[in-house]
Amino acid sequence: MRIDIAAVGRLRKGPEAAMVADYLDRFAKTGRGLGLPPVRLIEVEDKRGGGMAAEAGLLTRAIPAGSAVIALDERGDQPTSPDFAARIAAFRDQARDLCFVIGGADGIDPSLRSRAEWQISFGKMVWPHMLVRVMLAEQLYRATTILAGTPYHRN
Ligand SMILES: C[S@@+](CC[C@H](N)C(=O)[O-])C[C@H]1O[C@@H](n2cnc3c(N)ncnc32)[C@H](O)[C@@H]1O
């Protein structure tokens, strides 16, 4: 199994980058004992201002062949953290590769969004994509603690 995050934009050094690195590091440590591999972050950048369509092309090339695409989108499902953890475990048990996709300022092009096996929302409000990276990294770490039964998550 492999787990990737394909995201538009380059995250520069700063608080968001530090938080993403910290949560993904924690995910790697707790995930090791659960058969979950470290998460790889793949960043794509369209320097020509081609908008969503150009970003979709870059993201599509970045998504490893065969990976289940999970799009982050405010219109998507709103799973609980335990539901999210259970879904990650189900992908692991089926030996499926996962690629979470985070769009840029205009969102994820509908052509790519429609390819997603699952669309997840962190609420109906729109968040800056750099914060969505932090939130996703935290939920991934939280999922490992739920699956490991360690006392981080409380219902
Ligand atoms: C600034 S938002 C783009 C919002 C844009 N209005 C759209 O149509 O998607 C950039 C990216 O952050 C992610 N994002 C923002 N808010 C989100 C939310 N509430 N839930 C899940 N992902 C979100 C999505 O991947 C989105 O493509």
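Residues numbered from 1 in each chain as written. Predicted model: local features only at pLDDT ≥ 70, side-chain atom pairs only at ≥ 80, totals over all residues.

S.K.: Could you clarify how one ought to interpret the site of the ligand in this entry?
M.R.: Lining the immediate surroundings of the ligand are 18 residues, of which Leu72, Glu74, Gly103, Gly107 and His129 lie closest. Contributing elements (two or more residues each) for the shell around the ligand: strand E3 (68–77) and helix H5 (129–148). Broken down by element, the residue count for the shell around the ligand peaks at three residues, all from E3. Of the residues assigned to the shell around the ligand, the class counts are ten nonpolar, five polar and three charged. (Near = placed C-beta within 6 Å. Helix = DSSP H or I, 4+ residues; strand = E, 2+ residues; numbered from the N terminus. Nonpolar A, V, L, I, M, F, W, Y, C, P; charged D, E, K, R; others polar.)

S.K.: What exactly am I supposed to notice about the nonpolar core here?
M.R.: Within soluble globular proteins, side chains that are nonpolar tend to cluster in buried spots. Formed by 40 residues in total, the largest nonpolar core has its most connected members in Phe100 and Val101. The leading source of residues in this core is H5, at nine residues. Filtering out sequence-adjacent residues up to four positions away, Phe100 remains in contact with Ile5, Ile70, Leu72 and Leu136. (Core = buried A, V, L, I, M, F, W, Y, C linked by C-beta atoms within 7 Å. Buried ≥ 20, exposed ≤ 12 C-beta atoms within 10 Å, placed from the backbone. Contact = placed C-beta atoms within 7 Å.)

S.K.: I would appreciate a short explanation of the packing of helix H3 (residues 81–93) against H5 in the present structure.
M.R.: The description of two helices packed together rests on the angle between their axes and the distance between the axes. Taken N-terminus to C-terminus, the directions of H3 and H5 make an angle of 80°; their axes are 9 Å apart at the nearest point. As the angle between them shows, H3 and H5 are arranged roughly perpendicular. Note on element contacts: H5 touches H3 through Gln139, Arg142, Ala143, Ile146 and Leu147, opposite Ser81, Pro82, Phe84, Ala85, Ile88 and Ala89. In terms of residue class, the contact of H3 with H5 is made up of eight nonpolar, two polar and one charged. (Axes fitted to C-alpha atoms, helices over the stretch in contact; angles between N-to-C directions. Parallel < 35°, antiparallel > 145°, perpendicular 65-115°, else oblique.)

S.K.: Please clarify how unusual backbone geometry should be interpreted in this entry.
M.R.: A negative phi angle characterises most non-glycine residues, just as the trans form characterises most peptide bonds. Positive phi values are uncommon outside glycine, yet Ala95 reaches one of about 55°. Turning to its location among the elements, Ala95 is positioned in the loop between H3 and strand E4 (98–102). The class of Ala95 is exposed, set by 8 C-beta atoms lying within 10 Å.

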